[in-house]
Amino acid sequence: MTHESLFTQENIHKAAVAWKECLSIIKPEVPEGTFNSWFRPIKAIDVNDLTLKIQVPNSFFWEWIEGRYSKLLHKAVKNVLGHEARLDYVILEEKDSPAPYVESAPKSSRITISEEPSKASDYSESNLKPNYTFENFIKGEGNQLATAAAMAISENPGGTPFNPLFVYGGVGLGKTHLIQAAGNSIYGNFPEKKIKYISTEQFTIDFVDAIKKNMHNEFSNVYKNYDVLILDDIQHLIGKEKTQDLFFHIFNIFHQNKKQIIISSDKPPKDLKGLNDRLISRFNWGLTVDIQPPDLETRIAILSKKAESFGIMLSNDMVEYIANHITSNIRELEGCLIKILANVSLKSADISLEQVKRAVKEVSTAKRVNISIDVITRTVAEFFTIDEKKIRDKTRRQEIVHARQVAMYLSRTMTKSGLKNIGLHFGGRDHSTVIHACESVEKMLTDDPSFKDTLNDLKIKIELACS
Ligand code: ADP
Ligand code: MG
């Protein structure tokens, strides 16, 4: 179909009639709220060659509708226009995207044209990523409470006692995904609500910029206009007094007006030293929930789902191998799959367990940068219940020598430090002592297979201490 044939008055009229009939088929099949929020805002704008063209406010809307109601929509169109009929979407949005464009899909296609959206708020202004949804978020023990709270506020933003919702937890555990899922779900339930997701770093940069341009008031007015504010990684407000003051002001307005605030942080409020006490006390008005690292079962579930979505076929052995070796962080599980995917697509070979092991190793190596000899020494000392100082000094007692050699070996394999530096950390010993320690540990590993498990436990403890 050419663009010239689009949107003639006659076609628009015919399309409206056909769409009205489709709506009468759809209406009895969906809840009234869904019908009003999601089907009523759709306009039919063209019909041609058995293709009905409908217009939706933005791409999120399109994904939402296609994801949930594609069967029903296609059934309705076929009923009205005949068995061969198909549906095209026209997306109104993203002012700076090139428009119009047509994207073909087997059953339906979409066009984007530049125009002001109708009733629904502008999704593209929210900064949300459409794929950060609850559907894509695997629930497990570690994130159960946080997920339940996020889902509860999505049903009733600003109307639950969970305002603010404060989610905290370590790196790569799903904070950003979860708080954005709440935003996406709110948009799904209340498309008219103006939602803003922003990282605290960006919020600070924008604010400083506004001050420079003497547009401080305009800046806060823009924020006061939102219905839902999602501020990610609030620990970055520490030490930024002026931005904290502004956020305090915005927070109060949101709270007074029963508008939802969602915050994430790497620590609980009480540990955010350097953040104004009055802000911390405000955070305690709502609900504070943590996200813990995923257990083995959850890691397996996440890997299986992600592998499927990446189109990678992994055997149970492979999934278990990864889940057993990458333990503390979901971003690394993903990183591992991406490495596997890169190898597979480059060489288009079947995936072998060897490849999987290599990917796991590469991901773990990349992480070593952040592991310090001090943490290794402390963890090894705790593990063998000996005094950390003794590992560093000259004691030659057998059990201390053993712990020291293990610590040296782990420093050699888990960090990028050279032999000389490692020697310096352990009481100024010379590099040949470090080589000797590594050789002794390697010999123990071949002589005593159970020692390997001990070392693996230690490695996990060290990684957790550094994450
Ligand atoms: P954080 O903000 O805590 O550092 P992210 O939300 O950025 O972590 O998560 C890192 C990656 O892991 C993201 O790609 C996210 O989609 C994924 N992820 C985290 N938790 C889950 C989960 N429970 N289910 C599926 N994917 C997850
Ligand atoms: Mg994050």
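What counts, and at which threshold
- Residues numbered from 1 in each chain as written.
- Chains lettered and ligands numbered in written order.
- Predicted model: local features only at pLDDT ≥ 70, side-chain atom pairs only at ≥ 80, totals over all residues.
- Heavy atoms only, no water.
- Pairing = 2+ DSSP bridges.
- Helix = DSSP H or I, 4+ residues; strand = E, 2+ residues; numbered from the N terminus.
- Axes fitted to C-alpha atoms, helices over the stretch in contact; angles between N-to-C directions.
- Contact = heavy atoms within 4.5 Å.
- Phe/Tyr/Trp six-rings, centres within 6.5 Å; stacked < 30°, edge-to-face > 60°.
- Lys NZ or Arg CZ within 6 Å of the ring centre and 35° of its normal.
- Near = heavy atom within 4 Å.
- Polar contact = N/O pair within 3.5 Å; in protein donor to acceptor, adjacent residues only side chain to side chain.
- Areas by Shrake-Rupley, 256 points an atom, 1.4 Å probe, with all protein chains shown as cover.
- Nonpolar A, V, L, I, M, F, W, Y, C, P; charged D, E, K, R; others polar.
- Buried < 20%, exposed > 50% of the residue type's maximum accessible area, 1.4 Å probe, protein only.
- Arc of directions from axis to C-beta.
- Salt bridge = Lys/Arg side-chain N within 4 Å of Asp/Glu carboxyl O.
- Lys, Arg positive; Asp, Glu negative; His and termini not counted.
- Parallel < 35°, antiparallel > 145°, perpendicular 65-115°, else oblique.
- Left-handed = near helix turned anticlockwise from the far one by under 90°.

*Asks:* Before we move on, could you go through the sheet that holds strand 7 (residues 195-199) and cite the residues and values that matter?
*Replies:* Strand order in the open sheet formed by five strands is 7-8-9-6-10, and the pairing between neighbours is parallel. The open sheet has two free edges, formed respectively by strand 7 and strand 10 (287-291), since each of these has just one partner strand. Direction aside, the axes of adjacent strands within the sheet are offset by 15 degrees on average. The sheet contact formed by strand 8 (residues 228-232) and strand 9 (residues 260-265) spans four bridges and is parallel. In the strand pairing of strand 9, L229 is matched with I261. Where helix 5 (residues 175-189) meets the sheet, its contacts fall on strand 6 (165-169), strand 7, strand 8, strand 9 and strand 10, and the angle it forms with strand 7 comes to roughly 165 degrees.

*Asks:* Can you explain the packing of aromatic side chains? Please cite residues and give values.
*Replies:* The final tally for this structure, using the stated rule, is 17 aromatic pairs. One aromatic cluster is present, formed by F166, F203, F207, F219, Y223, Y226, F247, F251, F283 and W285 through successive ring pairs. The ring of F254 has K259 sitting right over it, with the charged end atom 4.9 Å from the ring centre.

*Asks:* Quick one: what's the story with the site of ligand 1, residue by residue and with numbers?
*Replies:* Every one of the 18 residues lining ligand 1 counts as a neighbour, but I138, G172, T176, H177 and E334 are closest to it. Within the side chain of E334, one N or O atom sits 2.7 Å away from an oxygen atom of ligand 1. Contact with the protein chains removes 93% of the 560 Å² of surface that ligand 1 exposes when unbound. Contributions of two or more residues to the shell around ligand 1 are made by helix 5, helix 10 (296-310) and helix 12 (330-347). Split into classes, the residues belonging to the shell around ligand 1 amount to seven nonpolar, seven polar and four charged.

*Asks:* Can you tell me about the packing of helix 6 (residues 200-212) against helix 7 (residues 216-224), naming the residues and giving the values?
*Replies:* Where helix 6 meets helix 7, the axes come as close as 8 Å, and the angle between the chain directions of the two elements is 140 degrees. In contact with F203, D206, F207 and A210 of helix 6, helix 7 contributes H216, F219 and Y223. The class makeup of the residues in the contact of helix 6 with helix 7 is five nonpolar, one polar and one charged.

*Asks:* Now, about helix 7: what can you tell me, with residues and values included?
*Replies:* Those residues of helix 7 that sit buried are F219, S220 and Y223. One face of helix 7 carries all of its buried residues, which in axial projection span an arc of 90 degrees.

*Asks:* Explain the pattern of salt bridges residue by residue, including any values.
*Replies:* Counted by the stated rule, this structure contains 14 salt bridges. Between D88 and K53 there is a salt bridge, and its shortest N-O distance comes to 2.9 Å. With D88 in strand 3 (residues 86-92) and K53 in strand 2 (residues 51-56), this pair connects stretches of sequence that are 35 residues apart. For K53, a relative accessible area of 3% puts it in the buried group.

*Asks:* Outline the side chain of R282, listing residues and values.
*Replies:* In this structure, R282 sits in helix 9 (residues 277-283). Comment: no salt bridge for buried R282; closest opposite-charge side chain is D245, at 11 Å. Setting aside residues no more than four positions away along its own chain, R282 makes contact with P164, F248, F251 and N252.

*Asks:* Now, about the packing of helix 2 (residues 32-39) against helix 3 (residues 59-81): what can you tell me, with residues and values included?
*Replies:* Helix 3 packs onto helix 2 with a crossing angle of 125 degrees between their chain directions and a minimal axis gap of 11 Å. Comparing their axes, helix 3 and helix 2 come out oblique. Helix-helix and strand crossings are classified by hand; for helix 2 and helix 3 the assignment is left-handed. Touching T34, S37, W38 and F39 of helix 2 are F60, F61, W64, I65, Y69 and L73, all from helix 3. Taken together, the residues of the contact of helix 2 with helix 3 sort by class into eight nonpolar, two polar and no charged.

*Asks:* Any details on unusual backbone geometry? Residues and values, ideally.
*Replies:* Looking along the chain, the bond that leaves N163 and enters P164 is cis, with omega of 5 degrees. Looking at the element boundaries, P164 is found in the loop between helix 4 (144-155) and strand 6. Within the chain, D233 stands out as a residue other than glycine whose phi angle is a positive 60 degrees. Locating D233 in the fold gives a position in the loop between strand 8 and helix 8 (241-256). Taking relative accessible area as the criterion, D233 reaches 23% and is therefore assigned partly exposed.

Any functional reading would require information beyond the geometric quantities listed.
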